[in-house]
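One letter stands for each residue in the lines below.
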Amino acid sequence: MSKNYSGFSRILPRLSPDLKQKKGDLFELVLLFSAFFLPGYIFQSREVDPLIFNSAAFHGMYIVQTLPMIALLLFLLHRKGRHWWVPYRITRIRWKDIPLGILTSAALWFFLLPLLVLSSWIFSGSADEAIGIDWELQSTGILPLVLVTSLTTGYWEELFFRSYLDGQLKKIGLTPAKAAAAGILLFASGHLYQGIVPALGTALIGAVLLFIFRQSRSLHRVAIGHGLYNFSVLLLSLVSDFG
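None of these values were measured; they are calculated from a predicted model.

Peer 1: With reference to specific residues and values, describe the overall build of the protein chain.
Peer 2: Within the protein chain one finds 9 helices and 0 strands. From first element to last, N terminus to C terminus, the protein chain shows the α and β order α-α-α-α-α-α-α-α-α. Of the contacts formed within the protein chain by residues at least 6 apart in sequence, a portion of 82% connects residues at least 24 apart. Element-wise, carbon and sulfur atoms account for 69% of the exposed surface of the protein chain, whose accessible area totals about 13,800 Å².

Structure representation (C-alpha cells):
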C-alpha cells in the first residue's frame, strides 16, 4: 500500500502543474465572460429602442465603455509571458488587412444571403423581420459615428470570441473542432432573444469568421470584416426597408 502511494506521489507532481494551469485558464475564461457578456446574455430582450444608433450620446458611451475592455483583455494577454500573441494570433495590422477585411465582410453576406431568402420565404415577411434585424438609421450625418462604433464592435467581439476564446479553449485541452463548436454556440447564444433564425444566422457568421481567422491567422481581417458587416446592415436600414 505504501509503495503504491509512494509511486503515485512521484507521478502526481508531474501532472499537477499542467492540470492547475488548465483550471486557471478555464477560471479566467469564465470570469472574463461573466464580467463582459453574461449580464447581457441573461437579460436579453427585444425591448430596445430601434433608433438608438441615431444617438451620438449612445455611440460615445459605447466607445468609451468598450475601448477599456479591449485594453484590459490585451493587458491580461500580454502578461502571459513571451510570445503571448502567438496562440491568440494577434499581429500588427498591415495595409492588405483592410481590403481582405472588406472581402471578409462580402463573404459573410455571401453565406448569409441564402438564409435570408429562405427565412423570408418561410416566414412570409421581410428579410429583416425574419432574421431579427431591428435597428434603423434615419440620417446620413450619423454615419461616421456608426462606422467607428461598428469597427469597435468588430474588434471587441473578434478579440474575445475568435482570438481569446478559441485560443483559451484549445489551451485547456479542447480539440480544434470542439473549441470551434463551443465558441460558435456561445457567440450565437447572445442572439437567442431575436429568435431561432437570427441565432442560426449569428452561428453561421461566427463559423465563417472563425474559419477565416484560423486560415489567415489575422485578427484584423475578421475584426474589420465583422465591423463592416455590422455597418452595412445599418446602412441598408437607412437606404431601404431591407426587404
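Peer 1: So what about the nonpolar core? Which residues, and what values?
Peer 2: If you look at the biggest cluster of nonpolar residues, it comprises 43 residues, and the most contacted ones within it are Phe37, Leu73, Trp156, Phe160, Phe161 and Tyr164. Residue assignment for this core shows that the elements contributing at least two residues are helix H1 (2-36), helix H3 (56-78), helix H4 (97-122), helix H6 (143-171), helix H7 (176-188), helix H8 (196-216) and helix H9 (219-239). The leading source of residues in this core is H8, at 8 residues. Setting aside its immediate chain neighbours within four residues, Phe37 contacts Trp156, Phe160 and Phe161. The next biggest cluster of nonpolar side chains, apart from the first, holds 8 residues, and it includes Phe53, Leu143, Val146 and Leu234.

Peer 1: Any details on a nonpolar patch on the surface? Residues and values, ideally.
Peer 2: On the surface, Ile93, Trp95, Ile98 and Ile102 cluster together into a nonpolar patch covering about 470 Å² of accessible area. Using a relative accessible area of 47% as the deciding quantity, one classes Ile93 as partly exposed.

Peer 1: Mind laying out the packing of H4 against H9, listing which residues take part and the relevant values?
Peer 2: One way to put it is that H4 packs onto H9 with a least axis distance of 7 Å and a crossing angle of 55 degrees. On the basis of their axis angle, the class for H4 and H9 is oblique. Note that H4 runs across H9; the crossing there is right-handed. Judged by residue contacts, Asp97, Ile98, Leu100, Gly101, Ile102, Thr104, Ser105, Leu108, Trp109 and Leu112 of H4 engage His220, Arg221, Val222, Ile224, Gly225, His226, Leu228, Tyr229, Ser232, Val233 and Leu236 from H9. Each residue belonging to the contact of H4 with H9 can be placed in one class, and the counts come to 12 nonpolar, 7 polar and 2 charged.

Peer 1: Give a description of the packing of aromatic side chains that names residues and reports values.
Peer 2: All told, the structure shown has 18 aromatic pairs when counted by the stated rule. Ring geometry for Phe33 versus Phe37: centroids 5.9 Å apart, planes at 25 degrees, classification stacked. Phe37 shares its class with Phe33; the two are buried. Centroid distance Phe33 to Tyr41: 5.2 Å. Interplanar angle 85 degrees. Geometry classified as edge-to-face.

Peer 1: Can you explain the environment of Leu236? Please cite residues and give values.
Peer 2: Assignment of secondary structure puts Leu236 in helix H9. When its relative accessible area of 29% is taken as the criterion, Leu236 is described as partly exposed. Separated by 99 residues in sequence, Leu236 and Leu137 have C-alpha atoms that sit 8.6 Å apart.

Peer 1: So what's going on with the pattern of salt bridges? Residues and values would help.
Peer 2: This structure, assessed with the given rule, holds 7 salt bridges. We note a salt bridge from Lys22 to Asp18, for which the minimum N-O separation is 3.6 Å. Of the two residues, Lys22 and Asp18 both sit in helix H1, 4 residues apart, roughly one turn of that helix. Residue classification places Lys22 among the partly exposed residues on the basis of a relative accessible area of 29%.

Peer 1: An account of the layout of surface pockets is needed here, citing residue identities and associated values.
Peer 2: If you add up the space inside the largest pocket, you get close to 1,500 Å³. At the level of secondary structure, the elements contributing two or more residues to the lining of the largest pocket comprise helix H2 (38-42), H3, H4, H6, H8 and H9. Taken together, the residues of the lining of the largest pocket sort by class into 24 nonpolar, 16 polar and 2 charged.

The rules behind each value
- Residues numbered from 1 in each chain as written.
- Predicted model: local features only at pLDDT ≥ 70, side-chain atom pairs only at ≥ 80, totals over all residues.
- Heavy atoms only, no water.
- Helix = DSSP H or I, 4+ residues; strand = E, 2+ residues; numbered from the N terminus.
- Contact = heavy atoms within 4.5 Å.
- Areas by Shrake-Rupley, 256 points an atom, 1.4 Å probe, with all protein chains shown as cover.
- Core = buried A, V, L, I, M, F, W, Y, C linked by side-chain atoms within 4.5 Å.
- Buried < 20%, exposed > 50% of the residue type's maximum accessible area, 1.4 Å probe, protein only.
- Patch = residues over 30% accessible without salt bridge, like charges linked within 9 Å, V, L, I, M, F, W, Y side chains within 5 Å.
- Salt bridge = Lys/Arg side-chain N within 4 Å of Asp/Glu carboxyl O.
- Axes fitted to C-alpha atoms, helices over the stretch in contact; angles between N-to-C directions.
- Parallel < 35°, antiparallel > 145°, perpendicular 65-115°, else oblique.
- Left-handed = near helix turned anticlockwise from the far one by under 90°.
- Nonpolar A, V, L, I, M, F, W, Y, C, P; charged D, E, K, R; others polar.
- Phe/Tyr/Trp six-rings, centres within 6.5 Å; stacked < 30°, edge-to-face > 60°.
- 1 Å grid on protein atoms, 1.4 Å probe; cavity = no way out; pocket = protein on both sides within 12 Å on 5 of 7 lines; lining within 4 Å.
- Points joined across faces, edges and corners; volume = space filled by probe spheres on them.

Remember that the coordinates give geometry; whether it matters functionally is a separate question.
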